[in-house]
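Coordinate analysis (summary)
The primary structure of each chain is shown beneath.
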There are 2 protein chains.
Amino acid sequence: MSETTAITLSNALCSGRTTALALIDAAFDEIAQKDPQLKAFIETTPETARADAIASDARRLGDNSLGPLDGIPVAIKGNIARYGIATTAGIRAFSNRIATEDAFVVKLLQSAGAIILGTLNMHEGALGGTTDNPFWGQCQNPLAPGFTPGGSSGGSAATVAAGIVPITLGSDTMGSVRIPAAYCGLWGLKPTAGLISNRGLFHLSWTLDTIGPIATNSTDLTLALSVLAKYDPDCIDSCRAPDGWTAHQPSTNLSDIVLGVPNDTLLADCEPEVKAAFNHLLSAIQAVGIQTLSVDLSEWQPTRLRRAGLLISEAEAGHLLGAALDKDADGFSDSFRDMISYGRTAPGSKVAAAYRCLSEVRSGVCRELQGLDAIILPTTPQRAFPHVSPAPASQADFTALANAAGLPALAFPIPALDHGLPVSIQLVGNAFSDGKLIALGQMLSSI
Amino acid sequence: MSETTAITLSNALCSGRTTALALIDAAFDEIAQKDPQLKAFIETTPETARADAIASDARRLGDNSLGPLDGIPVAIKGNIARYGIATTAGIRAFSNRIATEDAFVVKLLQSAGAIILGTLNMHEGALGGTTDNPFWGQCQNPLAPGFTPGGSSGGSAATVAAGIVPITLGSDTMGSVRIPAAYCGLWGLKPTAGLISNRGLFHLSWTLDTIGPIATNSTDLTLALSVLAKYDPDCIDSCRAPDGWTAHQPSTNLSDIVLGVPNDTLLADCEPEVKAAFNHLLSAIQAVGIQTLSVDLSEWQPTRLRRAGLLISEAEAGHLLGAALDKDADGFSDSFRDMISYGRTAPGSKVAAAYRCLSEVRSGVCRELQGLDAIILPTTPQRAFPHVSPAPASQADFTALANAAGLPALAFPIPALDHGLPVSIQLVGNAFSDGKLIALGQMLSSI
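Please read these numbers as outputs of a predicted model, since none were measured by experiment.

**Observations concerning the overall build of chain A**
Each helix and strand in chain A was counted, giving 13 helices and 13 strands. C-alpha extents for chain A along the principal axes are approximately 55 × 55 × 45 Å. Counting only residues that meet the buried cut, chain A has 62% of its 447 residues in that class. Taking the intrachain contacts of chain A between residues at least 6 apart in sequence as the baseline, contacts between residues at least 24 apart amount to 75%. When the accessible surface of chain A is split by element, carbon and sulfur atoms take 53% of a total near 15,500 Å². Of the side-chain charges in chain A, 29 are positive and 42 negative, and the distance between the mean point of each set is 3 Å.

**Re the sheet that holds strand E1 (residues 41-44) of chain B**
Residues and elements named next belong to chain B. The eleven strands lie next to each other as E1-E3-E2-E6-E8-E7-E12-E13-E11-E9-E10, forming an open sheet whose pairing is mixed. Only two strands of the sheet have a single neighbouring strand rather than two, namely E1 and strand E10 (291-295). Geometrically, the sheet is characterised by an average inter-axis angle of 30° between neighbouring strands, direction not taken into account. Of the pairings in the sheet, the one linking strand E2 (residues 73-77) to strand E3 (residues 115-120) comprises four bridges and is parallel in character. Note that in E3 the partner of Val74 across the bridge is Ile116. Across the sheet, helix H7 (residues 218-228) is in contact with strand E6 (167-172), strand E7 (187-190), strand E8 (210-215) and strand E12 (409-414); its angle to E8 comes to roughly 145°.

**Some points on the domain arrangement of chain A**
Residues and elements named next belong to chain A. As assigned here, chain A comprises domain 1 (6-228), domain 2 (254-296 + 360-445) and domain 3 (302-353). A separation of 27 Å is found between the C-alpha centroids of domain 1 and domain 3. Taken together, the contact pairs 18 residues of domain 1 with 20 residues of domain 3. Counting each side, the surface lost to burial between domain 1 and domain 3 is near 1,400 Å², with a carbon and sulfur contribution of 72%. At the boundary of domain 1 with domain 3, the tally comes to zero salt bridges. The interface formed by domain 1 and domain 3 contains eight residue pairs in polar contact (both at pLDDT 80 or more). Taken together, the residues that form the side of domain 1 that touches domain 3 break down as eleven nonpolar, five polar and two charged.

**Looking at the interface of chain A and chain B**
Tallying the contact residues gives 24 residues for chain A and 24 residues for chain B. Interface area for chain A against chain B, summed over the two sides, is near 1,900 Å², with a carbon-plus-sulfur share of 55%. Three residues, Ile236(A), Ser349(A) and Arg356(A), lead the burial of chain A against chain B; their summed loss comes to 32% of the area buried on that side. Inspection of the region where chain A meets chain B yields two salt bridges. A salt bridge links Asp237(A) to Arg356(B), with the nearest nitrogen and oxygen atoms 2.9 Å apart. Summed over the shared surface of chain A and chain B, the number is 14 residue pairs in polar contact (both at pLDDT 80 or more). Among the secondary structure elements, those contributing two or more residues to the side of chain A that touches chain B are helix H9 (302-327), helix H10 (334-345) and helix H11 (348-369) of chain A. A total of ten residues in the side of chain A that touches chain B trace back to one element, the largest contributor, which is H11(A). Classifying every residue of the side of chain A that touches chain B gives nine nonpolar, nine polar and six charged.

**Some remarks on the relation of the copies chain A and chain B**
Between the two copies, chain A and chain B, the superposition gives an RMSD of 0.0 Å; the rotation angle is 180° and the shift along the axis is 0.0 Å. Look at the turn and shift together and you get a two-fold axis relating the two. Taking C-alpha positions as the reference, the residue of chain A nearest the rotation axis is Gly348(A), at 2.4 Å. Interface residue correspondence from chain A to chain B reaches 100%, placing this contact among same-surface, isologous pairings.

**Notes on helix H9 (residues 302-327) of chain B**
Taking 1.5 Å per residue as the helical rise, H9(B) with its 26 residues ought to reach 38 Å, and the 36 Å between its terminal C-alpha atoms agrees with that figure. Along H9(B), the helix axis deviates most sharply at Leu321(B), where the bend reaches about 60°.

**Quick word on the pairing of E2(B)**
All names here are of chain B. Counting buried residues along E2, five of its five residues qualify, which places the element largely inside the surrounding structure. Pairing analysis gives three bridges linking E2 to E6, with the strands arranged parallel. Its bridge partner being in E6, Ile76 is matched across the sheet by Leu169.

The rules we used
Residues numbered from 1 in each chain as written. Chains lettered and ligands numbered in written order. Predicted model: local features only at pLDDT ≥ 70, side-chain atom pairs only at ≥ 80, totals over all residues. Heavy atoms only, no water. Helix = DSSP H or I, 4+ residues; strand = E, 2+ residues; numbered from the N terminus. Buried < 20%, exposed > 50% of the residue type's maximum accessible area, 1.4 Å probe, protein only. Contact = heavy atoms within 4.5 Å. Areas by Shrake-Rupley, 256 points an atom, 1.4 Å probe, with all protein chains shown as cover. Lys, Arg positive; Asp, Glu negative; His and termini not counted. Charge placed at Lys NZ, Arg CZ, Asp CG, Glu CD. Pairing = 2+ DSSP bridges. Axes fitted to C-alpha atoms, helices over the stretch in contact; angles between N-to-C directions. Domains from an automatic or database assignment. Buried area = accessible area lost by both parts, 1.4 Å probe. Salt bridge = Lys/Arg side-chain N within 4 Å of Asp/Glu carboxyl O. Polar contact = N/O pair within 3.5 Å; in protein donor to acceptor, adjacent residues only side chain to side chain. Nonpolar A, V, L, I, M, F, W, Y, C, P; charged D, E, K, R; others polar. Least-squares fit on C-alpha atoms with pLDDT ≥ 70 in both. Expected span 1.5 Å × (residues − 1). Bend = angle between axes of the 7 residues up to and from the residue.

Have a look at this one:
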């Protein structure tokens, strides 16, 4: 299924050149062949997937297809509830935490006919960016064996990059959809907070978490979002997009498009190839007439925000996982346990100040976004790195901004000038401009 | 000036029957006479007030009046910055914390010509509901000597109820504008979060605090709000009302008005006279054809929310005041110091869970408010009580709801059936329905 998109698969299904059952069987063949090394899956569900595929084929024969995702194989991150199997969140202590209900996003995928193949490997507890999971294995980057696919949604990116399925779901707390999308050369979206329901997500941080899709291209990403962006009255964080998420679209007149560019100091510590590719893109953007403006994001100190986000995640996860930690300490790795334990007992005022830091960043970025189509910056300061290297502390420095602000952020790949692993560009936009960001990303990636 | 409103004073100024200087001198005479017992002021500024009055009179003579508040005496709570005098927040440690800039609301009042007489007594640090201040005295309720005026904006309510000025500013973290308005038979508004800028407010809790006006009647309250509701680009919590705060008004057709009523269990622990007056009003409302619907506020457990709000206040105040506490412990009362000290070191996960509690309540009340003009409930479960009685833990049980949800809430007085101290009714509305709530309150108080 390599290099195949949801749209091409859907066309093949429509024209009768293949069947959902054939697609699903092929996908499981790929998993059987690749996953022993790839370590992208936590659990597969071939029986239900095959039954779903047979039902999809029957619908199609009866002219009752549910739309472009009907019969398309997908997979979900291991912290998203799937009825009847464990929602582990990559934590051994939850190996037997069987979901009694599908997550809202799973129901949406199913109501669109998508066929879920299983749950995907992730960084333990979603708190980390390498997906070197101590219980389910060291997930590999399909672009570079031995390299990390990023994380925490590493399995979600690896599965798409390996060509096993065209679309997966991840979750993004400080960058956990966009970082693996960046390292694996994919498109990933952290949607506006509340646009996609988090009900059924095993939370790391209820304040920062959002579920988001990963795909190989902008069309598939839009297709996924069109299914997932649905108000959920039973999710306290779900909200209605005032004008819908597709209402705003970029101008077709390039000179009417205005992108904000953070000042150079932000990029000082980027890997040279990331900086070079980003600046090359900026020049190309300006050459076609798109306006770029320097933006003042002085409220955003990436290191301070990263620490605030980490502390909030630790404190909230401490609340959620504390009882399990007390009961089954060995079901957690030492480092994850230490982080959660810190969050449980961290000084209250320090935690309060961390939340305030989010508000300050949100205020600053919202002010700067006025009149702009988006802010453009790299997704990560570095490209994928070998698992044997220590993970840089800066992995989420550029991505946490959108989580703090509750704003949508798109990651899309561009070539590196050294022809090595791809670089990833991020667009951060106003609330509910999710569809516009994808359209903009498509325009920019074609320049 | 007893029983005199801003509007009647403004008319008297317009017609030349009085001057701003005469009003200010009369107000200072009242202060000199009443405040030794009332204990409503922390500091008065007669020199600047007289100079401002002379300037106001000159504007009026030159036909350059700044509007209906020009020349009207007002006063501000002791935690609102006034250039050149101390912003104490009722804490002795800050007796010499001289403001180097006026609060944004002070600038707005001045640009409307209002004349500020001084800063008002308050519960120490705004953390409590009696205004029995250990450093600036036990503020009295003008309606009942020996009784508390409520708090924390006790001085703001006492000054208006004593007829010294028609309008004051308070601040409201869990009910600190509405509780004293309730106990003193006044109108008080906790505006939509962000509608009135908090810049220059000495914060207790940046998450929950809002500045709000207190007055004797709905017209004066609307007048104050029209001056105060202005977007402040330099305040991170300030926001623009999408359609303006006066855009929504109640239907003039009574049968089109729909009020939500929480179920009876909420009222179980109310003082009988509060319950009787509230139920009497509900019957009168129904008799004139206004619709009342029962609302499900199951996410709102008043005791749980009160504890969450208190913990957030303690943790945030701990962040803000910690250094001062370490430096000058004796500048704080024992009980206030204990609360702040608790907040500083409270377990991080517990603080995180308290913030989540706010989100849950916000989600529930916003859901229930859909299609309603407002939710109606008592402002406080009790009327004013003697200073010698212990303060009931439930004082803020009904008011904290609006702070948690970031929604506007109006307190307005109704007579008690026993002809004793007044009862107060609260209207909680959708975001930016502040003007509508005041208009609704006026309608309901006239039934």
